[in-house]
Amino acid sequence: MTDHYFAQQPAAPSRPRLVTAVLRGREWTFRTDRGVFAPAGVDAGSRLLAEAMALDPSDEVLDLGCGYGVLGLVAATLVPSGHVVMVDLNERAVALAKKNAALAGLNNVEVLQGDGTAPVADRRFDVIVTNPPIRIGKTQLHRLLREAFDCLRAPGRLYFVARTAQGAKTLARDAATVFDEVREIERGSGYRVYLATRK
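Below you will find a few notes about this structure.

Criteria and thresholds
- Residues numbered from 1 in each chain as written.
- Predicted model: local features only at pLDDT ≥ 70, side-chain atom pairs only at ≥ 80, totals over all residues.
- Heavy atoms only, no water.
- Salt bridge = Lys/Arg side-chain N within 4 Å of Asp/Glu carboxyl O.
- Helix = DSSP H or I, 4+ residues; strand = E, 2+ residues; numbered from the N terminus.
- Phe/Tyr/Trp six-rings, centres within 6.5 Å; stacked < 30°, edge-to-face > 60°.
- Buried < 20%, exposed > 50% of the residue type's maximum accessible area, 1.4 Å probe, protein only.
- Lys NZ or Arg CZ within 6 Å of the ring centre and 35° of its normal.

1. Comments concerning the pattern of salt bridges
Thought 1: All chains considered together, the criterion is met by nine salt bridges.
Thought 2: Between E110 and R123 there is a salt bridge whose closest N-O contact spans 3.1 Å. Of the two residues, E110 is situated in strand 5 (residues 109-113) and R123 in the loop between strand 5 and strand 6 (125-130); the sequence distance between them amounts to 13 residues.
Thought 3: For the salt bridge of K138 with D174, the shortest nitrogen-to-oxygen distance reads 3.9 Å.

What follows is the structure in C-alpha cells.
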C-alpha cells in the first residue's frame, strides 16, 4: 500500500476493524482502519513506550501523532487527576482516537486534528509522548522535536520510541541538540525508548 498514515486524508478505502492488546495490565480494545499507523494491531514500539513511560497523576500530557490513540489513552489512565491532549494530522486517526476514548470510558482526553503541535501551540504540557513517523524524514523529525520542546513546561519530559534499524540512535542524537538531556530508558523487540528532558 502506497498510502501514508501521516497524510491528512488517507487514500486507502476505509475498512474498520477491532484489535485488542494488554497494556499496563489492562485489556484494551481499539478501533482501527486502513490508512492509519499499525492498523492490524498495536506495534511493538508503542507497546514498549506504553510500558516504559512514567507519569504523575496530575500531569498534563500531549500525545503527538496519536494515531488511533494507544499512547494517549494509556497515559489517560495514569493521570486520573490530569489531562491528555492527543493530536494527529490524519483525519481518520483522529476520528478513531475519539471513538477509542469513548470505548475506554475515558473523559480526561481531548483529541485534535492538525500538523505537529499547531493545534496546541499556545498550551504547555508536563509530558509529551510520541512514536514519531520516521519516514517523514530528518528535517521534519527535527521540527517535531523542536515543537515538542517549545510545548513543554520547564521542567518537562518527552518520551519517544524508534526502531533501532531505522535510526533510533541518530534521532536521539538529534534530540540532544534540542533538549537538555537525552537518555535511553528501555529497549526491546528492535526498538529503543528515550527520555528527553527540558530542565
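2. A look at the packing of aromatic side chains
Thought 1: Evaluated as defined, the whole model comprises four aromatic pairs.
Thought 2: Ring geometry for F149 and F179: centres 5.3 Å apart, planes at 85°, overall edge-to-face. Of the two residues, F149 sits in helix 4 (residues 138-151) while F179 sits in the loop between helix 5 (168-176) and strand 8 (181-188), which places them 30 residues apart along the sequence.
Thought 3: Overall, F149 belongs to the buried group, its relative accessible area being 13%.
Thought 4: F179 sits in the buried class, given a relative accessible area of 4%.
Thought 5: A centroid spacing of 5.3 Å and a plane angle of 20° characterise the contact between F160 and Y194, whose relative ring orientation is stacked. A residue pair is termed long-range when its members are at least 10 positions apart, and F160 in strand 7 (residues 152-163) and Y194 in strand 9 (residues 191-198) qualify at 34 residues. Summarising the burial analysis for this pair, F160 and Y194 share the class buried.
Thought 6: Each residue in the set W28, F30 and Y68 is aromatic and connected to the rest through ring pairs, giving one cluster.
Thought 7: Just above the ring of F149 sits the side chain of R198; from NZ or CZ to the centre is 4.2 Å.

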